[in-house]
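Listed below, chain by chain, are the residues.
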Amino acid sequence: GEDVEQSLFLSVREGDSSVINCTYTDSSSTYLYWYKQEPGAGLQLLTYIFSNMDMKQDQRLTVLLNKKDKHLSLRIADTQTGDSAIYFCAEIMDMGRRALTFGSGTRLQVQP
Amino acid sequence: KAGVTQTPRYLIKTRGQQVTLSCSPISGHRSVSWYQQTPGQGLQFLFEYFSETQRNKGNFPGRFSGRQFSNSRSEMNVSTLELGDSALYLCASSLVQDNEQFFGPGTRLTVL
């Protein structure tokens, strides 16, 4: 079945690292994504990882994938106030179908 | 390159009316997907269009429909509006064989 779960809220201080976690249940997921949504805005694609990879780094962002535990995480280094937003993880199981299944989102609050 | 554009950005309708939302994909993108975002249900896949054909459909009633034109622009229509249709409707575009779906800013529909 399709189910993606995230914790609802994370608060960090500016300059610290943030780690946002996600679990998924479908082992046939091909790609896993992280999107960012700021208030009143659409979704911004941050990064994605193919299911045969363990890690992907892109500037301040590091994605870790543990396929055995079906666990995905997004680490944001040197978190800034501009990183305050809702972060969604999403999976796509069949590229032919191209339908993203989203988690419920984690609200990241960065305190100055 | 211009991003995904959606019009209108805000819309207020009353129950029983119908509504049409428009999405213009990124130039060169031929696949357009639609998603509904509500506080209760989160982000849910509506349907995907490619080459003027609906390729995939989510679990929504037949009141929700769409189409795609030869220039890849897409419209979605909701007939006989219900209060529960109040949501942010997001459109995403992607290249045919690509891992990335890029989202527009959304259309916020309020049904009174």
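Conventions we followed
Residues numbered from 1 in each chain as written. Chains lettered and ligands numbered in written order. Predicted model: local features only at pLDDT ≥ 70, side-chain atom pairs only at ≥ 80, totals over all residues. Heavy atoms only, no water. Buried < 20%, exposed > 50% of the residue type's maximum accessible area, 1.4 Å probe, protein only. Helix = DSSP H or I, 4+ residues; strand = E, 2+ residues; numbered from the N terminus. Pairing = 2+ DSSP bridges. Core = buried A, V, L, I, M, F, W, Y, C linked by side-chain atoms within 4.5 Å. Contact = heavy atoms within 4.5 Å. Axes fitted to C-alpha atoms, helices over the stretch in contact; angles between N-to-C directions. Buried area = accessible area lost by both parts, 1.4 Å probe. Salt bridge = Lys/Arg side-chain N within 4 Å of Asp/Glu carboxyl O. Polar contact = N/O pair within 3.5 Å; in protein donor to acceptor, adjacent residues only side chain to side chain. Phe/Tyr/Trp six-rings, centres within 6.5 Å; stacked < 30°, edge-to-face > 60°.

Participant: Which parts of the structure should I look at to understand the pairing of strand S9 (residues 87-94) of chain B?
Facilitator: Sheet faces and side chains relate simply in a regular strand, where the side chains alternate between the two faces. All names here are of chain B. By the criterion of burial, S9 is predominantly enclosed, with 8 of the 8 residues buried. The side-chain alternation of S9 yields two buried faces, one formed by Ala-87, Tyr-89, Cys-91 and Ser-93 and the other by Leu-88, Leu-90, Ala-92 and Ser-94. Note: S9 against strand S11 (residues 107-111), 3 bridges, orientation antiparallel. Bridge pairing links Leu-88 to Arg-108 in S11.

Participant: Would you mind going over the nonpolar core with me for this structure?
Facilitator: Soluble globular proteins tend to bury their nonpolar side chains together. Formed by 21 residues in total, the largest nonpolar core has its most connected members in Trp34(B), Leu46(B), Phe64(B), Met76(B) and Tyr89(B). Listed by contribution, the elements that provide at least two residues to this core are strand S3 (19-24), strand S4 (31-38), strand S5 (42-50), strand S8 (74-78), S9 and S11 of chain B. Not counting residues up to four positions away in its chain, the partners in contact with Phe64(B) are Gln36(B), Leu46(B), Phe47(B), Lys57(B), Met76(B), Asn77(B), Val78(B), Asp85(B) and Tyr89(B). In this structure, Val12(A), Leu46(A), Leu61(A) and Tyr87(A) belong to the second largest nonpolar core, which totals 20 residues.

Participant: Looking at this model, I keep getting lost on the sheet that holds strand S7 (residues 64-68) of chain B. Mind explaining?
Facilitator: Strands belonging to one sheet form pairs held by backbone hydrogen bonds; the direction of such a pair is parallel or antiparallel. All names here are of chain B. Judged by pairing direction, the sheet is antiparallel, and its 4 strands sit side by side in the order S1-S3-S8-S7 without closing on themselves. With partners counted over all chains shown, the strands left at the sheet margins are strand S1 (5-7) and S7, one partner each. Recorded for the sheet is a direction-independent mean angle of 20° between the axes of neighbouring strands. As paired elements, S1 and S3 share 3 bridges and run antiparallel to each other. By the bridge assignment for S3, Thr-5 is matched with Ser-24.

Participant: Explain the interface of chain B and chain A to me, please; I cannot follow it from the model alone.
Facilitator: Quoted interface sizes are often the accessible area lost when the parts come together. The interface of chain B with chain A comprises 24 residues on the first partner and 19 residues on the second. Among the residues of chain B in contact with chain A, Leu43(B), Asn99(B) and Gln101(B) are the three that bury the most area, contributing 35% of the side total. The tally of links from chain B across to chain A stands at 0 salt bridges. The interface formed by chain B and chain A contains 3 residue pairs in polar contact (both at pLDDT 80 or more). For the side of chain B that touches chain A, the elements supplying multiple residues, two or more each, are S4, S5, strand S6 (53-57), S9 and strand S10 (102-103) of chain B.

Participant: Any chance you could explain the packing of aromatic side chains here in plain terms?
Facilitator: When we look at a pair of aromatic rings, we describe it by the centre distance and by the angle of the planes. All names here are of chain A. Under the counting rule described, the total for this entry stands at 14 aromatic pairs over all chains. Note on Tyr-31 and Tyr-48: the rings are 6.0 Å apart at their centroids and 65° apart in plane angle, and the pair reads as edge-to-face. Pair noted here: Tyr-31 is in strand S4 (residues 31-37) and Tyr-48 is in strand S5 (residues 43-50), with a separation of 17 residues, a long-range link. On the basis of relative accessible area, Tyr-31 is assigned to the buried category, the value being 14%.

Participant: Can you walk me through the pattern of salt bridges in this structure?
Facilitator: Where charged atoms from two side chains of opposite charge come close, those side chains can pair. Residues and elements named next belong to chain B. All chains considered together, the criterion is met by 7 salt bridges over all chains. Of the charged contacts, one joins Arg-63 and Glu-82 as a salt bridge, the two residues approaching to 3.6 Å between their closest N and O atoms. Of this pair, Arg-63 sits in the loop between S6 and S7 while Glu-82 sits in the loop between S8 and S9, and the two are 19 residues apart along the sequence. Assessed through its relative accessible area of 16%, Arg-63 is described here as buried.

Participant: Would you mind going over the environment of Leu100(A) with me for this structure?
Facilitator: With respect to the helices and strands, Leu100(A) occurs in the loop between strand S9 (85-92) and strand S10 (101-102). Along the backbone, Leu100(A) and Leu32(A) are 68 residues apart, and their C-alpha atoms lie at a distance of 9.1 Å. Excluding anything up to four places from it in sequence, Leu100(A) contacts Tyr33(A), Tyr35(A), Ala90(A), Glu91(A), Ile92(A), Tyr35(B), Phe45(B), Gln101(B) and Phe103(B).

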